[in-house]
Amino acid sequence: MKIAVIGSGYVGLVSGTCFAEMGNRVTCVDIDQNKINQLREGVIPIYEPGLTPMVLKNVQRENLLFSTSLKESIQDVSIVFIAVGTPMGEDGSADLQYVTAVAREIGQSMNSELVVVDKSTVPVGTADKVRKAIQTELDKRASSLQFHVVSNPEFLKEGDAINDFMKPDRVVIGADHESAFEIMRRLYHPFTMTYDRIIEMDIRSAEMTKYAANAMLATKISFMNEIANICEKVGADVNNVRIGIGSDKRIGYSFIYPGAGYGGSCFPKDVKALKKTAQDYGYTARLINAVEKVNDDQKLVIAKKVINRFGEDLSEKTFGLWGLAFKPGTDDMREAPAIYIVQELTKRGAKIIAYDPKAMDEAKHYYLKDVSNVIYVDSKYQVLEEADALILLTEWKEFRSPDFIEIKTKLKTPVIFDGRNQYSVFKLEEKGFEYYQIGKK
């Protein structure tokens, strides 16, 4: 099958590459000429385990192509995926200007019947806007070409996106015509051969499913962080509580680990967009509002613990930081707790020595570029030299079982602030550390 994927960011590149892996001929399109040149040269602009070798293999097989021309890329294809960004607007809504711009260009350029698929995370009702934009351009051309709009939201976890796409839990397809369902079934058949994981529904329900899924997971995270904060007040151990409730099959252990709050490209943006959608329809999403408020506060919990321990004036203090990315397995720092914690500490005069296996370039050039009091080093133990305490914020594997003797030797004072409660099992207090974690004084 010939496919065009418009937008070669995270979702577009992963989706296009995985479709190519199954033998489809895929053209990934992007207006950024530099990005397309890099992709053609085998330089992948994002970090995602397993993506680079899969891209290179399918480029060599000529299953995967890259282009800046939407018009050329959609000629004689069966399916066009819209996978451009939907950045958050000032009011929290998803900005659809890039989606509608692509839809208009499709209407201006298509030369055969198409299935146009919204792969970007978009608010309920976006398919109607896409359909209208395409039809308007076709009418201008006096064209009778037929097309169908489909919602096919992505459910990819950063750090495990290839596996998620190749072995999906579910494939949600929203359409309003049987021929559109049929072509999507054929496309996804190689990914669902073990058992049928395709869930078909109307378009608006498919659009809502993505927001509902992410809001549910964000709710679990904020709920557990709320419980952690209560545990700290009453003297309970949140780690024991987590085990106690997670053993209930109705609850499970996923997404109930206390920590420094959620970040990334999905949860923060999608929670805000869902709030705005509800507001636009005259409903106040009280639970979703609370989920967001808890998370905003949670990002500062570790900073407050540091300030309570060392005082408001941190001008003579240095802190080693392990982890900048919002989660392990990615270089994504969007809405990462590290951003807020570094800003809180440095504005009080603190010096930060930071290490992350993948996200340091993102920090240097984008998210912390205006924060002058941050030094980046090449290994985890380098951050400890001359540091008054260690702060853990991302649970990369290389941080899970460190040499605590070396940590204690290098630190000026044996103090650890654990934003992911990774080290609670090591009984660090018995090893002579001051150990501060989420949900415990």
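Residues numbered from 1 in each chain as written. Predicted model: local features only at pLDDT ≥ 70, side-chain atom pairs only at ≥ 80, totals over all residues. Heavy atoms only, no water.

Colleague: Describe the overall build of the protein, listing the residues and the values that go with them.
Modeller: Across its full length, the protein holds 16 helices and 14 strands. Taking 441 residues into account, the globule formula puts the C-alpha radius of gyration at 22 Å, and the protein, at 24 Å, falls close to it. Taking all 441 residues of the protein together, the buried fraction comes to 55%. Here the analysis covers contacts within the protein between residues at least 6 apart in sequence; of these, 73% occur between residues at least 24 apart. (Helix = DSSP H or I, 4+ residues; strand = E, 2+ residues; numbered from the N terminus. Rg over C-alpha atoms; globule rule 2.2 N^0.38 Å. Buried < 20%, exposed > 50% of the residue type's maximum accessible area, 1.4 Å probe, protein only. Contact = heavy atoms within 4.5 Å.)

Colleague: Residue-level account of the sheet that holds strand β13 (residues 415–418), with values.
Modeller: Ordered in space as β11-β10-β9-β12-β13-β14, the 6 strands form an open sheet in which the pairing is parallel. Unpaired on one side and paired on the other, β11 (374–376) and β14 (434–437) mark the two borders of the sheet. Averaged over all pairs of adjacent strands, the angle between their axes in this sheet comes to 20°, without regard to strand direction. Inspection of the sheet shows strand β9 (residues 318–322) paired to strand β10 (residues 351–355) by 5 bridges, in the parallel sense. Pairing of Leu321 across the sheet is with Ala354, part of β10. Helix-sheet contacts for helix α14 (residues 337–346) involve β9, β10, β11 and β12 (389–392), and the interaxial angle to β10 is about 155°. (Pairing = 2+ DSSP bridges. Axes fitted to C-alpha atoms, helices over the stretch in contact; angles between N-to-C directions.)

Colleague: Explain helix α3 (residues 51–60) to me, using residue names and the numbers behind them.
Modeller: For α3, the complete set of buried residues consists of Leu51, Met54, Val55 and Asn58. Down the axis of α3, the buried set is contained in an arc of 100°. They therefore lie on one face. Residues of α3 that are exposed and angled more than 90 degrees away from the buried face: Pro53 and Gln60. Contacts made by the buried residues of α3 are with α1 (10–21), β3 (64–67) and α7 (161–166). Looking one or two places after α3, you find Glu62, whose phi comes out positive at around 65°. (Arc of directions from axis to C-beta.)

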